[in-house]
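A structural walkthrough
The chain contents come next:
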Amino acid sequence: MKIRVVLVEPEGAVNVGFVARACVNFGVDELVLVNPRADLEEALTYSAKAKDFLNKAIIMNDYDEAIKGFDLVVATSSKGYSRGNHIRQAIDLRTFVENIVGRVNSVAIIFGRESSGLKRSELDKADVLVTIPANPGYPVLNLNQAVAIVLYELWLVLKRTSQNLPPRASRDILDKIIDIINHIAVKTGIQEHKRVRLERTIRSILFRSSPSLFEAKMLEYFLRKVYRSIEEKH
Ligand code: SAH
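A few points on the structure. A quick note: this is a predicted structure, and the numbers were derived from the prediction, not measured.

Thresholds, definitions, all that
Residues numbered from 1 in each chain as written. Predicted model: local features only at pLDDT ≥ 70, side-chain atom pairs only at ≥ 80, totals over all residues. Heavy atoms only, no water. Helix = DSSP H or I, 4+ residues; strand = E, 2+ residues; numbered from the N terminus. Contact = heavy atoms within 4.5 Å. Buried < 20%, exposed > 50% of the residue type's maximum accessible area, 1.4 Å probe, protein only. Pairing = 2+ DSSP bridges. Expected span 1.5 Å × (residues − 1). Arc of directions from axis to C-beta.

1. Section: the environment of Ile 173
As for its position among the elements, Ile 173 is in helix H8 (residues 171-187). Residues contacting Ile 173, with those up to four places away along its chain left out, are Leu 213, Ala 216, Lys 217 and Glu 220.

2. A closer look at the pairing of strand S4 (residues 72-76)
S4 sits mainly inside the fold: five of its five residues count as buried. Side chains Leu 72, Val 74 and Thr 76 project from S4 onto one buried face, and the interleaved Val 73 and Ala 75 project onto a second face that is buried too. Note: S4 against strand S7 (residues 128-131), three bridges, orientation parallel. Bridged to Val 74 within S7 is Val 128.

3. A word on helix H10 (residues 213-233)
An ideal rise of 1.5 Å per residue puts 30 Å on 21 residues; H10 measures up with 31 Å between its terminal C-alpha atoms. Listed in full, the buried residues belonging to H10 are Ala 216, Glu 220, Leu 223, Tyr 227 and Ile 230. Projection of H10 onto a plane perpendicular to its axis shows the buried side chains occupying an angular sector of 95°, all on one side. Residues of H10 that are exposed and point over 90 degrees away from its buried face: Phe 214, Tyr 221, Glu 232 and Lys 233. Close packing links the buried residues of H10 with H8.

Keep in mind these numbers describe shape, not what the thing actually does.
Written out as structure tokens, the structure is:
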């Protein structure tokens, strides 16, 4: 899925730099800046290893042009609801990402000005309004944090297998751990009917928590030590 991030009249250089960085972190294809007010030279200093990406950002002065040709155009706002207002009937971010991924080939996600957000006329041109649920007393996030959260949620759904995650423990090693615990339970004199419940409980904790291979090996190592030391004492 092609992802374009659109910033409408961004005002802060820090924000633009951090947004560019988040775009690279989460695999965004294009960044479009509509009438940027921020100093883009300064923004480069905040973009870290996303300098090339920011240098390639598309600068436009026409909002309509920035959202043209996408399967889905998404506006974002902290004001997700206003009674009787057809424009402010947002869906929450997670519902949105779960629903769109796999459904469209391209999406443009629009973020508003730091000072005043998106205008009614701009919201009106989006297909859907998305809001990040937050404290109702103060739901307005900083621009670059809002972008990062949206992109992160999209990333999770699009790339369920991130290269940055450790390998999970296999069923084999989890079964081995349960086996050792059973042996320990026998040695410590726990009665059979209690051992059955213990095994069931440990099994459900282990499988539900989905430990990494490293964590499981560590646990296995420790339990083997415990087992051996009990065995020596008997
Ligand atoms: N004073 C402005 C603040 C805008 S914050 C206003 O009241 O609208 C800048 C941009 O960050 C917003 O236009 C929106 O794109 C994004 N944003 C901030 N908080 C958000 C939230 N809770 N959900 C979705 N987008 C948010």
